[in-house]
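Structural overview for review
Okay, here's what each chain looks like letter by letter:
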Amino acid sequence: MVINIAIVEDSREEMQRLTAFLKRYQEENADVEFVISKFTDGDEICENFQCQYDVILMDIEMKRVDGLKAAEYLRRFDERVEIIFITNCTQYALVGYKVRAFNYIVKPMSYTVFSAEVKRFANSVAKKREEFILISLRNNTVRLALNEIIYVECIKHKIIFHTKDNDYEIFGTMRDYESRLEKNNFFRCNSGYLINLMMVNGVKDDMVSVGGYELKISRPRKKQFMEKLASFYCGG
């Protein structure tokens, strides 16, 4: 599993320590690979932030923008990234609830303590990836909750994610997403639509009502679709 992780730390020594700890953990755990980005102050990670990280290791006391202010800003755009504060001031733990911090690590830290924390957030990241999907737009990356997607539409070489609030259009093919989504209760009712079964309101003849849309069910897929839908609602 590849984990995109950002380190925000103005101490060169602490930056080196965290980097070394992550590399050691990666060497000891072959199933984990870290892609590490480094920032020396809170304002640096806030600039051009695009929801690209799974985990942010954030120092609290920094010169220009402290970790708490940076976390408050980042939470406007990304509710799911795990933010872990690294501090030598234990009193800050009392205000972490404001930005839904995953945890605090108190300096100085041992590798034993740090590796246990890495295991915790790696498990959390793996679980969240079953619930979300990342799509790359022209200017940013969007993290979509699977339970917010009504259906996915394919038009030539374009994929449109229809959600409760917005539509997101990207270049790609249905094959790029079909296997992943079908593991999470999506089903391809015809060549152009991959629908979220939990959004289905009803079926009449060859049409399925899903999230306010009426979509065509192809004749070759009708039987399998109805079996899949029945299995979903019966908890199969």
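Here, every reference points to the structure presented above.
Residue indices follow the written sequence of each chain, beginning from 1 at its first position. Two thresholds apply to this predicted model, a pLDDT of at least 70 for residue-level local features and 80 or more for giving and counting side-chain atom pairs, whereas whole-chain, interface and lining totals are computed over all residues. Working from all heavy atoms in the structure, the side-chain values ignore hydrogens and water.

1. A few points about the sheet that holds strand E10 (residues 167-171)
The strand order E10-E9-E8-E12-E11 describes an open sheet built from five strands, whose pairing is antiparallel. On the outer flanks of this sheet lie E10 and strand E11 (186-190), each paired with one strand and no other. Pairwise comparison of adjacent strand axes, ignoring direction, gives a mean angle of 20° for this sheet. DSSP calls a pair of strands paired once it identifies at least 2 bridges connecting them. By the criteria applied, helices consist of DSSP H or I runs no shorter than four residues and strands consist of E runs no shorter than two, each listed in order from the N terminus. In this sheet, strand E12 (residues 193-196) lies alongside strand E8 (residues 149-155) in antiparallel orientation, the contact comprising three bridges. Bridged to Glu153 within E12 is Tyr193. Only heavy atoms matter for contacts: two residues are in contact if any of them lie within 4.5 Å across the pair. Orientation is described by lines fitted to C-alpha atoms, with helices fitted over the stretch in contact, and by angles between N-to-C directions that extend from 0 to 180 degrees. Of the strands in this sheet, E8, strand E9 (158-163), E10, E11 and E12 touch helix H5 (residues 175-182), which is tilted by about 130° from E11. Relative to E11, helix H6 (residues 219-233) is tilted by about 155°, and along the sheet it contacts E11 and E12.

2. A few points about the environment of Ile36
Tracing the sequence through the fold places Ile36 in strand E2 (residues 33-39). Given a relative accessible area of 27%, Ile36 falls into the partly exposed group. Distance in space between the C-alpha atoms of Ile36 and Ile84 is 15 Å, their sequence separation being 48 residues. The residues touching Ile36, leaving out its near neighbours within four places in the chain, are Ile5, Ile7, Thr19 and Leu22. Per-residue accessibility, obtained with a 1.4 Å probe over protein chains only, is compared with the maximum for each type, and a residue is labelled buried under 20%, exposed over 50%, and partly exposed between these values.

3. Observations regarding the pattern of salt bridges
Any Lys or Arg side-chain nitrogen found within 4 Å of a carboxyl oxygen on Asp or Glu counts as a salt bridge. Under the defined criterion, the tally for this structure stands at 13 salt bridges. A salt bridge links Glu117 to Arg120; its shortest N-O distance comes to 3.1 Å. Here Glu117 and its partner Arg120 are both found in helix H4 (residues 111-129), three residues apart, which amounts to about one turn of the helix. A relative accessible area of 8% means that Glu117 is categorised as buried. Linked through salt bridges whose partners overlap, the residues forming this network are Glu9, Asp59 and Lys107.

4. What to know about the packing of aromatic side chains
For Phe, Tyr and Trp, where Trp contributes only its six-membered ring, two rings pair if their centres lie within 6.5 Å, and the inter-plane angle classes them as stacked under 30 degrees, edge-to-face over 60, or tilted in between. Enumeration over the complete set of coordinates arrives at eleven aromatic pairs. Between the aromatic rings of Tyr25 and Phe34, the centroid separation amounts to 6.1 Å while the plane-to-plane angle is 50°, which identifies the pairing as tilted. Residue Phe34 is classed as buried on the basis of its relative accessible area of 8%. Aromatic rings pair up to connect Phe21, Tyr111 and Phe114 into one cluster. As a reminder, the over-ring test applies to NZ of lysine and CZ of arginine, requiring each to be within 6 Å of the ring centre and within 35 degrees of the ring normal. The lysine or arginine in question, Arg24, covers the ring of Tyr111, its NZ or CZ lying 3.8 Å from the ring centre.

5. Here's the deal with the pairing of E9
Strand residues, when the strand is regular, have side chains that alternate between the two faces of the sheet. Of all six residues that make up E9, five are buried, and the element is covered over most of its length. For E8 and E9, the ladder comprises six bridges, and the chain directions are antiparallel. When the sheet's bridge partners are listed, Ile155 is paired in E9 with Lys158. Connecting E8 to the antiparallel partner E9 that follows it, the hairpin turn spans two residues, and Lys156 within it adopts a positive phi of roughly 55°. The sheet contact formed by E9 and E10 spans five bridges and is antiparallel. Within E10, the residue paired with Ile159 across the bridge is Ile170. Count of turn residues in the E9/E10 antiparallel hairpin: three residues.

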